[in-house]
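# Results of the structural survey
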Amino acid sequence: YAATLLREHRGDGHITALQTAGLDPCEALVSFAAIGAAPSEVFASRGWTGQEWSAARDRLCRRGWIDADGRATDAGRAGRAEVERLTDELEGEPWRVLGADGCARFVEVVAPLMMAVVASGILPTESTLGIGHSTAG
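Residues numbered from 1 in each chain as written. Predicted model: local features only at pLDDT ≥ 70, side-chain atom pairs only at ≥ 80, totals over all residues. Heavy atoms only, no water.

### Section: the overall build of the protein chain
- If you tally the helices and strands in the protein chain, you get four helices and zero strands.
- Listed N to C, the secondary structure of the protein chain is α-α-α-α in terms of helices and strands.
- Counting only C-alpha atoms and orienting by the principal axes, one finds that the protein chain spans roughly 50 × 30 × 25 Å.
- Residue burial in the protein chain is summarised as follows: out of 137 residues, 27% are buried.
- Restricting the contact set of the protein chain to residue pairs at least 6 apart, pairs at least 24 apart contribute 68%.
- Charged side chains in the protein chain number 13 positive and 19 negative. The centres of these two groups are separated by 2 Å. (Helix = DSSP H or I, 4+ residues; strand = E, 2+ residues; numbered from the N terminus. Buried < 20%, exposed > 50% of the residue type's maximum accessible area, 1.4 Å probe, protein only. Contact = heavy atoms within 4.5 Å. Lys, Arg positive; Asp, Glu negative; His and termini not counted. Charge placed at Lys NZ, Arg CZ, Asp CG, Glu CD.)

Following this line, the structure appears as structure tokens:
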């Protein structure tokens, strides 16, 4: 339960950071794909049409966040890095409240569960989270 609360807290902060950057939901995904965090195809499950995806790319291109090929520009990489920085900042309070001992206990309890899930092979090989794939920063 605690892991879910912490995850949702981070997610709420991430939405706040995306809105602060002026990104709508489709632009958030297009810009994420543009930094190389995940191929755009993995976002098909989100339900955006090709037309909506193209319109978001056009808007980001006009803002200078991506180039004509859909790759992030320096401004786009900086923008995404700021989104992640603000997300990290906004997620910090629960961890500060837990303190060092509480954080250590959380890892002690959750790490074996996480490793078991990863070892099971049930997670998809392509993640829309971009973990370990982002070229931002």
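### Brief notes about helix H4 (residues 74-120)
- Counted at 1.5 Å a residue, the expected span for H4 with its 47 residues is 69 Å, but the 38 Å between its end C-alpha atoms falls short.
- For H4, the complete set of buried residues consists of Gly-76, Gly-79, Arg-80, Val-83, Leu-86, Thr-87, Glu-91, Gly-92, Gly-102 and Phe-106.
- On its buried face, H4 sits against helix H1 (2-20) and helix H2 (25-34).
- A positive backbone phi angle near 80 degrees is found at Gly-121, which sits one or two residues after H4. (Expected span 1.5 Å × (residues − 1).)

### Topic: the packing of aromatic side chains
- Counted according to the given criterion, the structure contains three aromatic pairs.
- Pairing Phe-43 with Trp-53 gives two aromatic rings, centres 6.1 Å apart and planes at 25 degrees, and the pair type is stacked. Of this pair, Phe-43 sits in the loop between H2 and helix H3 (50-63) while Trp-53 sits in helix H3, placing them ten residues apart in sequence. Comparing Phe-43 with Trp-53 shows no difference in burial state: the two are buried.
- Between Trp-95 and Phe-106, the ring centres sit 5.2 Å apart and the planes meet at 80 degrees, which makes this aromatic pair edge-to-face.
- Ring pairs connect the aromatic residues Phe-32, Phe-43 and Trp-53, which therefore count as one cluster. (Phe/Tyr/Trp six-rings, centres within 6.5 Å; stacked < 30°, edge-to-face > 60°.)

### Structural notes on the nonpolar core
- The biggest cluster of nonpolar side chains holds 23 residues, and the ones touching the most others in it are Leu-23, Val-30, Phe-43, Trp-53 and Leu-60.
- For this core, the secondary-structure elements that each account for two or more residues are H1, H2, H3 and H4.
- The element best represented in this core is H2, accounting for seven residues.
- With sequence-adjacent residues up to four places away left out, Val-30 is seen in contact with Trp-53, Ala-56, Arg-57, Leu-60 and Ile-66. (Core = buried A, V, L, I, M, F, W, Y, C linked by side-chain atoms within 4.5 Å.)

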